[in-house]
Amino acid sequence: MKTSNKFTLARIIAAPILFVLYFLPRWLGLAEGAAASLLLSAAMIPLLAAAEITDYFDGSFARAHGEVSDFGKMFDPFADVFLHLSMFTCFVFTGYMHPALFVLILYREFSQNFLRMVAAKSGTAIAAKKGGKIKTVFYVAGCFVVLVQNFLALSGLAASLGTDMAAFKVAGNCVFAVCVLLSYASFIDYLKSFGGVLKDAAK
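Computed from a predicted model, the values in this text were never measured in an experiment. (Residues numbered from 1 in each chain as written. Predicted model: local features only at pLDDT ≥ 70, side-chain atom pairs only at ≥ 80, totals over all residues. Heavy atoms only, no water.)

A. How the structure looks around a nonpolar patch on the surface. A grouping of Ile 134, Val 137, Phe 138 and Val 178 is seen on the molecular surface, where their side chains present a nonpolar patch of about 290 Å² in accessible area. Per element, the largest residue contribution to the nonpolar patch is 3 residues, and it comes from helix H5 (residues 130-155). Inspection of the secondary structure assignment puts Val 178 in helix H7 (residues 165-202). Using a relative accessible area of 32% as the deciding quantity, one classes Val 178 as partly exposed. (Patch = residues over 30% accessible without salt bridge, like charges linked within 9 Å, V, L, I, M, F, W, Y side chains within 5 Å. Areas by Shrake-Rupley, 256 points an atom, 1.4 Å probe, with all protein chains shown as cover. Salt bridge = Lys/Arg side-chain N within 4 Å of Asp/Glu carboxyl O. Helix = DSSP H or I, 4+ residues; strand = E, 2+ residues; numbered from the N terminus. Buried < 20%, exposed > 50% of the residue type's maximum accessible area, 1.4 Å probe, protein only.)

B. Quick look at helix H1 (residues 3-27). With 25 residues, H1 should reach 36 Å at 1.5 Å per residue; the first-to-last C-alpha distance of 36 Å fits that figure. Of the residues making up H1, those classed as buried are Ser 4, Asn 5, Thr 8, Arg 11, Ile 12, Ala 14, Ala 15, Leu 18, Leu 21, Tyr 22, Phe 23 and Pro 25. Where H1 is buried, its residues contact helix H2 (35-64), helix H3 (70-93) and H5. Where H1 terminates, the next one or two residues include Gly 29, which has phi positive at roughly 70 degrees. (Expected span 1.5 Å × (residues − 1). Contact = heavy atoms within 4.5 Å.)

C. Expanded view of the packing of H1 against H2. Two numbers describe how H1 lies on H2: the axes approach to 9 Å, and their chain directions differ by 165 degrees. When the axes of H1 and H2 are compared, the pair comes out roughly antiparallel. For the crossing formed where H1 meets H2, the hand is left-handed. For the pair formed by H1 and H2, the contact residues are Thr 3, Ser 4, Phe 7, Thr 8, Ala 10, Arg 11, Ala 14, Leu 18, Leu 21, Tyr 22, Leu 24 and Pro 25 on the first element and Ser 37, Leu 40, Met 44, Leu 47, Leu 48, Ala 51, Thr 54, Asp 55, Phe 57, Asp 58, Phe 61 and Ala 62 on the second. Across the contact of H1 with H2, the residue classes tally to 16 nonpolar, 5 polar and 3 charged. (Axes fitted to C-alpha atoms, helices over the stretch in contact; angles between N-to-C directions. Parallel < 35°, antiparallel > 145°, perpendicular 65-115°, else oblique. Left-handed = near helix turned anticlockwise from the far one by under 90°. Nonpolar A, V, L, I, M, F, W, Y, C, P; charged D, E, K, R; others polar.)

D. Quick look at the packing of aromatic side chains. Under the criterion given, the structure shown has 13 aromatic pairs. For Arg 116, the ring lying beneath its charged end belongs to Tyr 190, and the centroid distance is 5.6 Å. Above the ring of Tyr 96, the side-chain terminus of Lys 169 is found at 5.0 Å from the ring centroid. (Phe/Tyr/Trp six-rings, centres within 6.5 Å; stacked < 30°, edge-to-face > 60°. Lys NZ or Arg CZ within 6 Å of the ring centre and 35° of its normal.)

E. Layout of H2. Compared with the 44 Å implied by 1.5 Å per residue over 30 residues, the 44 Å span of H2 between its first and last C-alpha is a close match. Of the residues making up H2, those classed as buried are Ser 37, Leu 40, Ser 41, Met 44, Leu 48, Ala 51, Glu 52, Thr 54, Asp 58, Gly 59 and Ala 62. Along its buried surface, H2 packs onto H1, H3 and H5. A positive phi of about 65 degrees marks Gly 66, the residue just after H2.

And the structure:
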């Protein structure tokens, strides 16, 4: 496997690890403020940061070392979606993300994946466009907002500071609402550029 694709693969490997770490304090029944709960929730922030930074390394390494390929163009956005949907699933089950927003994002990502599959069958590899990259930035931002909220809640710091977690959840959902808007705006842009592929395939 090319080195650039190994960077991409790291995000796929990170997804289930982060999923388990997120729920582990709850599965173990750890109390708020417990040292283990604090450590696990805090560890997720740098781990997610490390996973996200591979999104920069895979593209820059591929361009610098002539490893740009059709496979990489599809593998990179797939890894992004794999990681972010894993995180969003965590947030939905713990009340940090409204289910309606999650479902809308899920519909968008499955539709985008279908478009990529049809295009690939027709010999066209759809690389990430600017709108899709901006959408991903907001996906990442939403993940970090919730991880900080989760850390404050599980560490007990939110309660000790008298912080209203309901307000934090509203703020987080506002970020995810922006994610939904950007995701559909970028999908419409992809349809404008590659919608002809769908029409040709459907004939």
